[in-house]
Amino acid sequence: FAAEKPDQVYLCAAKVGGIHANDTFPAEFIYDNLMIESNVIHNAWKAGVKKLLFLGSSCIYPKLPDQIIKENAMLSGQVESTNEPYAVAKIAGIKLCESYNRQYRKSHGTDYRSVIPTSLYGPGDNYHSENSHVIPALIRKIHEAKIHQQPEVVGWGSGRPRREFGYIDDMSAAIIYVMNLDLAQYREHTEDMVSHINIGFGDDVAIKELAKKLVKIVGYKGKIIFDLNKPDGVLRKLMDSSLIESLGWRATVSLEDGLTLTYADYLKNKSLLRSD
């Protein structure tokens, strides 16, 4: 930081993974993420960086069945147990940004913002056979089943949970948009201790339906079955993105287009991707 003297910092780094990874490595998920955000945010402040944007996660929100989740839901209830350590670390990152603003805004001009992205996917994802998120995991499973002419692919849980997904190019545009909002406008629509902004696609899909879309895109002729002995996680996680939309930003990439682009990238680069 002292050498580069950046004007803006986008803190996207994190240790991430799906249900299996969160359940298998809880100590790493809370420790690594606390260390990343604590070191980056504090050293950005020490170096005089005035503008920083931190990416949280939709798992910060409590389990609210069949509700669209607004920003003020954070800390209003218990988070999903399968990813609690990761959620706690992400909440801490948001509170770090808010606390530095409250203490140093007047004296140092600190303007640290947070956004809550929906579940992200797209080119360059992690396709690990066990520790990846649902879209890259399904892409790899379905593609390999097609290549090896396997009759079925096994997904985790019941397939009933609904998830909202955001294409990575949309998210990249959104975080730049939020970072560069006029400070007065940003503060008018947020509060000192509820300062984060949801960034979602605006719709969700059942995992079973997601798998069907990928089967069609990949061209797989077998069937998808689901292992009911595996956990589902929270049954629905759809965020209210009306605030960011009222500020002038909206997602533009449809789920079908995003999945098609992601699979094309997987085919092009699968030998180079983190996959084992």
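You'll find the structure just up there.
Residues numbered from 1 in each chain as written. Predicted model: local features only at pLDDT ≥ 70, side-chain atom pairs only at ≥ 80, totals over all residues. Heavy atoms only, no water.

Asker: Please provide a residue-by-residue account of helix α4 (residues 134-147), values included.
Answerer: The end-to-end C-alpha separation of α4 is 20 Å, in line with the 20 Å expected for 14 residues at 1.5 Å each. When we look at burial in α4, the residues that qualify are I135, P136, A137, L138, I139, R140, I142, H143 and A145. On its buried face, α4 sits against β5 (119-121), β6 (152-156), β8 (165-167), α7 (207-218), β11 (223-227) and α9 (255-269). Looking one or two places after α4, you find Q149, whose phi comes out positive at around 55 degrees. (Helix = DSSP H or I, 4+ residues; strand = E, 2+ residues; numbered from the N terminus. Expected span 1.5 Å × (residues − 1). Buried < 20%, exposed > 50% of the residue type's maximum accessible area, 1.4 Å probe, protein only. Contact = heavy atoms within 4.5 Å.)

Asker: Summarise the side chain of R113; cite the residues concerned and give the values.
Answerer: When you line up the elements, R113 lands in strand β4 (residues 111-117). By relative accessible area, which is 0% here, R113 ends up buried. A polar contact of 2.7 Å, which involves the side chain of R113, links it to the backbone oxygen of V178. There is a polar contact of 3.4 Å between the side chain of R113 and the backbone oxygen of M179. If sequence neighbours within four positions are ignored, R113 has contacts with K51, L52, L53, F54, C97, V178, M179, L181, D182, L183 and Y186. (Polar contact = N/O pair within 3.5 Å; in protein donor to acceptor, adjacent residues only side chain to side chain.)

Asker: Residue-level account of α9, with values.
Answerer: For an α-helix, the turn length of 3.6 residues means that residues three or four places apart are oriented alike. An ideal rise of 1.5 Å per residue puts 21 Å on 15 residues; α9 measures up with 21 Å between its terminal C-alpha atoms. The complete set of buried residues in α9 reads L255, G258, L259, T262, Y263, D265 and Y266. Buried residues along α9 cover an arc of 160 degrees about the axis, so they all sit on one side. Lining the buried residues of α9 we find β5, α4, β8, β10 (205-206) and α7. (Arc of directions from axis to C-beta.)

Asker: Any chance you could break down the sheet that holds strand β12 (residues 236-239) for me, citing the residues and the numbers?
Answerer: Across the sheet, which stays open at both edges, the 4 strands sit in the order β3-β12-β7-β10 with mixed pairing between neighbours. Looking at strand neighbours, the two that pair on one side only are β3 (68-69) and β10, the edges of this open sheet. (Pairing = 2+ DSSP bridges.)

Asker: I'd love a proper account of the packing of aromatic side chains, names of residues and values included.
Answerer: All chains considered together, the criterion is met by 8 aromatic pairs. With a centroid separation of 6.4 Å and 20 degrees between ring planes, the pair formed by Y263 and Y266 is classed as stacked. Of this pair, Y263 and Y266 are both found in helix α9, 3 residues apart, which corresponds to roughly one turn of the helix. Each member of the pair, Y263 together with Y266, is buried. Linked through ring pairs, W45, Y100 and Y104 together constitute an aromatic cluster. (Phe/Tyr/Trp six-rings, centres within 6.5 Å; stacked < 30°, edge-to-face > 60°.)

Asker: Explain the packing of α4 against α7 residue by residue, including any values.
Answerer: Two elements in contact, α4 and α7, have axes separated by 10 Å at closest approach and are oriented at 45 degrees. Considering the angle they form, α4 stands oblique to α7. Where α4 crosses over α7, the two elements pack in a sense that is right-handed. Only I207, L210, A211, L214, V215 and V218 of α7 make contact with α4, whose side of the interface consists of V134, I135, L138, I139, I142, H143 and K146. (Axes fitted to C-alpha atoms, helices over the stretch in contact; angles between N-to-C directions. Parallel < 35°, antiparallel > 145°, perpendicular 65-115°, else oblique. Left-handed = near helix turned anticlockwise from the far one by under 90°.)

Asker: Got a sec to walk through the pattern of salt bridges? Specific residues and values, please.
Answerer: With the rule as written, the count across this model stands at 13 salt bridges. Close ionic contact of K51 with D111 constitutes a salt bridge, the shortest N to O distance being 3.1 Å. Remark: D111 occurs in strand β4 and K51 occurs in strand β2 (residues 51-55); sequence separation between them is 60 residues. Grouping residues by exposure puts K51 and D111 together as buried. Here D111 makes a salt bridge to R113, at a shortest N to O gap of 2.9 Å. If you follow the salt bridges from partner to partner, you end up with K51, D111 and R113 in one network. (Salt bridge = Lys/Arg side-chain N within 4 Å of Asp/Glu carboxyl O.)

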